[in-house]
Amino acid sequence: MLLNLRFVLVLALVAAPNVATAQTGPRFDVTVAASAHRGPLTGRLIVAVSKTNPAEPRLLISPSGPAIFGVDLEGVAPGRAVTVASRAIGYRTSLDSLPPGEYWVQALVRVYSQVRRADGKTLWLPMNDGRIAPFNNTPGSLVSEVQQVRIDSSARVAITLTRTLPEPPRPADTDWVKRVTIQSKTLTAFWGRPIYVHATVLLPRGYATETSRQYPAIYTLGHSVPFQFRTDSVGRGIGEINPVTGVETGFDFYKAWNAPDFPRVIAISLEQQTPYFPDSYSTNSANNGPYGDAIVEEIIPELERRFRIIAAPHARHLEGASTSGWQSLALQLRYPDYFGGAWIFQPDPIDFSRHQLVDIYKDENAFSIPIGQFITAERPMRRTVEGQPIWSVRQLSRFEAVLGSKGRSGFQFNAWGAVYGPNHSEGYPKPLWDPLTGVIDKSVAAYWKDNGYDLRDYAERNWVTLEPKLRGKLRFFLPDMDDFYLNVAMYRFEDFLKRAQPASDAEFIYGRPMKGHSWHPYPWAELVRRFAAAVEANTPATR
């Protein structure tokens, strides 16, 4: 759950210098060096203010990190100073409420491009080539050098954006790992510009020499090399099982993968960043486009063609955790004849009556919980495995509002809004709740449900048709103290399946006690063995 909803509002002032001089309190005057960007600039300007002296404050931006302040830039002319002052939205405080003292500051601009979507809407968005790029380290973004400054009521800090972040080098292919870029025709048509999905393919022992052999595939819907595979033994924990995650090191997995008696399968991860989040959730969406259909109709068939993968349902399995856990279940439910099984780890909320701890249908406000006549409690969003709340829904909503207006934060709440939600009138995602007040828009909640993103509701409404196609295919794994309360929605999904008719044979395994978001019930190598056994058990008999 990355992480990354989509909360609208132009929440800050972008002021010309002659307007800014009327403001009181501290301010930052930010300009762009001619060498860093030419022409008018549209994007999101964020100033990070850190108490400590990191290499770069922008890289520490998180709900627990430095103070941040954000404004929209719309066609800002070269050389024009943009002021960030008291009217700029800040997290966790406004700039004029920042305690006086010494700080390290750095400015960042996420640059937007103009997009003309197939529905006729013209949008300004942080587009890229589909590879994963965190909001604070996106190639093409503009950054300043780090400055140590004193901030008080009279502070006037000049900042110049001098650098453009470069594209990172692409990892080289090896005998084991191949990387593939595939352009999607359907997504390209939706966005009016080329859209790509990237695959990292982990090949089995003997692939290069056994050229007539075909293999089953498990789609690990994370973003890196499947199962953290690596052939070098550098690092800690070699030969050990991590007590928190329950999995082995990538090197230990390599040793198992390369053993002569290990199952011969292909593992594939996907990168499919959208303008709103590092993942599309592999589902059709009014804001992101038809990613579900693209994965099933274009990407997987092309991978099967290139890598001698068995092109049959029993040989196609899904595996994923968190965001990828939701994807695994959603793909299996929406394309039940296409996939042979889903291994679902701590999925993002799969029942929206427990969207984390928010009931989007009955609750009026996402931030607070009414308790009695006069008392309310803050609704938490993240906790420790001992139950101590760390972040609240209110805090994360404001954090995302600073990172970007109109659903462009690149963080988790905006991600859900873009994936599940409708368009606003101007084409950006319509938020489920107001990011500053928490008031829930019931029309958006209804849209999420009516369009099948509440997976428990979708499964229940279609169960008579789905059940025969899902026999032996659903396996759920969830910790009892998931950091993001994802176990609560899982309990509701399990309750439905326990009473469902026809009866379900889905498997549920819970990690106890005090197992957190990264928990797995067994190591990666054991998961692959179980996947291979499931494929073998369901392989059609040959005549």
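So, a few notes on the structure that sits alongside this text. Here the residue numbers are simple positions, counted from 1 along each chain's written sequence. Only residues with pLDDT of at least 70 get local features here, since the model is predicted, and only at 80 or more are side-chain atom pairs given and counted; chain-wide, interface and lining totals rely on the full set of residues. By convention in this description, side-chain values take in all heavy atoms of the structure and omit both hydrogens and water.

From N to C terminus, the chain includes 12 helices and 25 strands. Against the 2.2 N^0.38 benchmark of 24 Å for 543 residues, the chain shows a C-alpha radius of gyration of 24 Å, consistent with a compact globule. We call a residue buried when its accessible area falls under 20% of the maximum for its residue type, exposed when it is over 50%, and partly exposed in between, using a 1.4 Å probe and counting protein chains only. Counting all 543 residues of the chain, 58% fall into the buried class. Carbon and sulfur atoms form 52% of the exposed surface of the chain, whose accessible area is close to 21,600 Å². Just so you know, the count uses Lys and Arg for positive and Asp and Glu for negative, and it drops His and the chain ends. Lysine's charge is taken at NZ, arginine's at CZ, aspartate's at CG and glutamate's at CD. Taking the average location of the 59 positive side-chain charges in the chain and that of its 53 negative ones, the two points are 3 Å from each other. Put simply, DSSP marks the helices as runs of H or I at least four residues long and the strands as runs of E at least two long, and each gets a number from the N terminus on. Atoms counted for the radius of gyration: C-alpha only. Globule rule: 2.2 Å times the number of residues to the power 0.38. Surface accessibility in these figures is a Shrake-Rupley result with a 1.4 Å probe; residues are shielded only by whichever protein chains are displayed.

Most of helix H7 (residues 412-420) sits out of view: nine of its nine residues are buried. Considered for burial, the residues of H7 that qualify are Gln412, Phe413, Asn414, Ala415, Trp416, Gly417, Ala418, Val419 and Tyr420. Contacts were defined at the residue level, with two residues in contact if any of their heavy atoms lie within 4.5 Å. Close packing links the buried residues of H7 with strand E16 (284-285), helix H5 (323-334), strand E22 (380-383), helix H6 (393-403) and helix H8 (442-450).

We now examine the pattern of salt bridges. Two side chains with opposite charge may pair up if their charged atoms get near one another. The term salt bridge refers to a pairing of a side-chain nitrogen on Lys or Arg with a carboxyl oxygen on Asp or Glu at a separation within 4 Å. Here the structure, examined in full by the defined rule, presents 32 salt bridges. Across the pair Asp441 and Lys430 runs a salt bridge whose closest N-O atoms are separated by 3.9 Å. Of the two residues, Asp441 is situated in the loop between H7 and H8 and Lys430 in the loop between H7 and H8; the sequence distance between them amounts to 11 residues. The exposure class of Asp441 is partly exposed, given its relative accessible area of 25%. For Lys430, a relative accessible area of 26% corresponds to the partly exposed category. In this structure, the salt-bridge partner of Arg461 is Asp457, at a minimum N-O distance of 2.7 Å. Here Arg461 pairs with Asp457, and both are found in helix H9 (residues 455-461), just four residues apart, close to one helical turn.

Looking now at unusual backbone geometry. Cis peptide bonds are those with omega within 30 degrees of zero, and the linkage from Tyr91 to Arg92 qualifies with 0 degrees. Among the secondary structure elements, Arg92 is positioned in the loop between strand E5 (89-91) and strand E6 (101-111). Of note, the amide linkage connecting Gln501 to Pro502 takes the cis form, showing an omega dihedral of 0 degrees. In the Ramachandran plot, Ser282 falls in the positive-phi region, its phi being about 50 degrees despite a non-glycine side chain. In this fold, Ser282 is placed in the loop between strand E15 (266-271) and E16.

Right, let's talk about the side chain of Thr274 for a bit. Mapping Thr274 onto the fold places it in the loop between E15 and E16. The buried category is assigned to Thr274, whose relative accessible area is 3%. The term polar contact refers here to a pair of N or O atoms within 3.5 Å; inside protein, the definition further demands a hydrogen-donor-capable atom paired with an acceptor-capable atom, and it admits residues adjacent in sequence only when both atoms are side-chain atoms. A polar atom in the side chain of Thr274 sits 3.3 Å from the side chain of Asn288. When residues no more than four places from it in sequence are discounted, the contact partners of Thr274 are Asp279, Ser280, Asn288 and Tyr291.

What follows is about the packing of H6 against H7. A fitted line through C-alpha atoms represents every axis, and for helices the fit uses only the stretch in contact; the resulting angles, taken between N-to-C directions, go from 0 to 180 degrees. Running from N to C, H6 and H7 point in directions that differ by 80 degrees, and their axes come no closer than 8 Å. Considering their axes alone, H6 and H7 lie roughly perpendicular with respect to each other. In contact with Val393, Leu396, Ser397 and Glu400 of H6, H7 contributes Gln412, Phe413 and Asn414. Among the residues forming the contact of H6 with H7, the class breakdown is three nonpolar, three polar and one charged. Oblique is the label for any angle not under 35 degrees, not over 145, and not in the 65 to 115 range, which are roughly parallel, roughly antiparallel and roughly perpendicular in turn. Nonpolar residues are Ala, Val, Leu, Ile, Met, Phe, Trp, Tyr, Cys and Pro. Charged residues are Asp, Glu, Lys and Arg, and all others, Gly as well, are polar.

Turning our eyes to something else, we now look at the nonpolar core. If you look at the biggest cluster of nonpolar residues, it comprises 101 residues, and the most contacted ones within it are Ile268, Leu303 and Phe476. At seven residues, helix H4 (residues 291-306) tops the list of elements feeding residues into this core. The residues contacting Phe476, other than those within four sequence positions of it, are Leu329, Ile344, Ile350, Met490, Phe493, Leu497, Ala506, Glu507, Phe508 and Ile509. Grouping buried Ala, Val, Leu, Ile, Met, Phe, Trp, Tyr and Cys residues that are joined through side-chain atoms within 4.5 Å yields what is termed a nonpolar core. Within the second largest apolar cluster, 30 residues are counted, among which are Ile218, Phe251, Ala256 and Val265.

The next thing to look at is helix H10 (residues 463-470). In an α-helix, one turn spans 3.6 residues, which is why side chains three or four residues apart end up on the same side. Among the residues making up H10, those that are buried are Trp463, Leu466, Glu467 and Leu470. Along the long axis of H10, the arc covered by the buried residues comes to 110 degrees, so they all point the same way. Exposed residues lying more than 90 degrees from the buried face of H10 are Val464 and Thr465. On its buried face, H10 sits against H5, H9, strand E24 (474-479) and helix H11 (486-499). At the exit of H10 stands Gly472, carrying a positive phi of roughly 75 degrees. Along the arc lie the directions from the helix axis toward the C-beta atoms.

Turning next to the packing of helix H3 (residues 250-257) against helix H12 (residues 524-537). In contact at an axis separation of 9 Å, H3 and H12 are set at 35 degrees when each is read in the N-to-C sense. In contact with Phe253, Ala256 and Trp257 of H3, H12 contributes Trp524, Ala525, Val528 and Arg529. Across the contact of H3 with H12, the residue classes tally to six nonpolar, no polar and one charged.

Moving on: a nonpolar patch on the surface. A cluster of nonpolar residues, Ile371, Phe374 and Ile375, forms a patch on the protein surface that exposes about 370 Å² of accessible area. Relative to the helices and strands, Phe374 is located in the loop between strand E20 (368-371) and strand E21 (375-378). Judged by its relative accessible area of 77%, Phe374 falls in the exposed class. Patch definition: residues with relative accessible area over 30% and no salt bridge; like charges joined within 9 Å; nonpolar side chains (Val, Leu, Ile, Met, Phe, Trp, Tyr) joined within 5 Å.

Before going further, it helps to examine the sheet that holds strand E12 (residues 177-183). Taken in spatial order, the eight strands line up as E12-E13-E15-E14-E18-E19-E24-E25 in an open sheet, and their pairing is mixed. In the strand order of this sheet, the two ends are held by E12 and strand E25 (507-511), each with one partner. Taken over all neighbouring pairs, the strand axes of this sheet differ in orientation by 20 degrees on average, direction set aside. On top of the sheet, H5 reaches strand E18 (316-322), strand E19 (341-347) and E24; it is set at about 145 degrees to E18, its chief contact. Here, strands pair whenever DSSP counts at least two bridges between them.

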